[in-house]
Amino acid sequence: MTAPLAAAPAAEAIQKPPRGAGEKPSLVGLSRAGIGAELAAIGVEPKQIRMRTAQIWNWIYARGVTDFGDMLNVSKDMRATLADAFTLARPEIVAEQVSEDGTRKWLMRFPPRGAGRPVEIETVYIPEIGRGTLCVSSQVGCTLTCSFCHTGTQKLVRNLTAEEIVGQILVARDRLGDFPDKSTPVGAAVPSEGRLVSNIVMMGMGEPLYNFDNVKEALLIASDGEGLSLSKRRITLSTSGVVPMIPRAGEEIGSMLAISLHAVRDDLRDILVPLNKKYPIAELLDACRAYPGLSNARRITFEYVMLKDINDSAADARELVRLLRGIPAKINLIPFNPWPGVNYQCSDWETIEAFSDIVNRAGYASPIRTPRGRDILAACGQLKSESERMRARERLALEAMMADSED
Ligand code: SF4
């Protein structure tokens, strides 16, 4: 392992947003030990804590209940005590959009928790024939300013808590009818068999490794065999390359890893993914080579957005193959999804196919990702919530006010 197991630098410090006054604590997003501690704090007898924790865990994550009153194997008095002390409320859904291709996007609102105002994030569900993938956000906005990414134009407002990250999964399962006794909305595009939310990708808004503790807690809950029960092989954490945290992600979370690579030369990656100036390509790939559990059955996915005349030449493809030598890898080629105000264009289809052929002939799977949900701005790199747009509107209003007062 070449990368040190260092804590994230100060600018990347993990924040636990405070709860607002009068906000009941939620039991969602807590580890078993965390639930146990909350139960102890309201006077549940020590010898009962383990059993009560297991019951509550099962009701929240395997059954999807949102009301303590529905926890039928918990005594009536205890249900009332729990309801007085805690909440299981889901995030508020501000909007739900369904694309022509069945992709769904939810705009969810969370309390301010130090941000000064309620915050909003987007979560996207992508149904395919054999699986349903949920693209989950880890931060409101992002500190990184990847130049091709719409989210990157939205400043970081705050980290999401584990409760808010898990809440996105629970909302999707509610809305899709993916809990026992819940039904799927008529006409919804979902996989024809198996679980409706079968895969999680931490590829929504934000850099998950800059919110490590909360992301770790949430993904360990998502993969817990007595709850949401998603195999770690079906959970992918995507990073733009926070090198010092990659070994910890492998050791402490153990999910699959995806890297937003997008360029094969440092001078270009410095522009596309400015974090590259801190952790250049060679360091990033060293951390990938050392990723715990890496094997041909557990490959790293490299995301590569196809930008016309920027990173899409045959020479780029050959260099990519050279760089990845020795890393069990798959390369996802992503046709660029335009968004308002961006200057990049998507590569021509023949160019993408020629690029894919070169990578493929070198022995790497290089699927071209079909753009999904473009009509509702739900495709890769297009997410951006109202938290920022509201600010822009308010800024304009303020500027107008100031102009008036100068007259
Ligand atoms: S690609 Fe990811 S890390 Fe880069 S700006 Fe967008 S959300 Fe942030």
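Residues numbered from 1 in each chain as written. Predicted model: local features only at pLDDT ≥ 70, side-chain atom pairs only at ≥ 80, totals over all residues.

Under an unreviewed UniProt entry, the name given to the protein is Dual-specificity RNA methyltransferase RlmN, and the organism recorded is Kaistia geumhonensis. Quoted verbatim from the Sequence similarities (unreviewed entry) heading of the UniProt record, the comment on the protein is "Belongs to the radical SAM superfamily. RlmN family." The protein has a UniProt comment under Subcellular location (unreviewed entry) that states "Cytoplasm". (UniProt positions renumbered as here; feature names shortened; annotations may be inferred.)

Here we look at the sheet that holds strand β10 (residues 300-306)
Taken together, nine strands build an open sheet; the order of strands is β1-β2-β3-β4-β7-β8-β9-β10-β11 and the sheet is mixed. The open sheet has two edge strands with one neighbour each: β1 (92-98) and β11 (329-335). Direction aside, the axes of adjacent strands within the sheet are offset by 20° on average. Pairing geometry for strand β2 (residues 104-110) and strand β3 (residues 119-127), over seven bridges, is antiparallel. Within the sheet, the bridge partner assigned to W106 lies in β3 and is T123. (Pairing = 2+ DSSP bridges. Helix = DSSP H or I, 4+ residues; strand = E, 2+ residues; numbered from the N terminus. Axes fitted to C-alpha atoms, helices over the stretch in contact; angles between N-to-C directions.)

A few points about helix α10 (residues 349-361)
Here α10 is 13 residues long and its end C-alpha atoms lie 18 Å apart, about the 18 Å a rise of 1.5 Å per residue gives. Buried within α10 are the following residues: I352, F355, S356 and V359. Mapping the buried residues of α10 onto a view down its axis gives an arc of 100°, with all of them on the same face. Facing away from the buried side of α10 by over 90 degrees, the exposed positions are E350 and R361. Where the residues of α10 are buried, they touch β10, α9 (314-324) and β11. Trailing α10 by a residue or two, G363 shows a phi angle of about 100°, which is positive. (Expected span 1.5 Å × (residues − 1). Buried ≥ 20, exposed ≤ 12 C-beta atoms within 10 Å, placed from the backbone. Arc of directions from axis to C-beta. Contact = placed C-beta atoms within 7 Å.)

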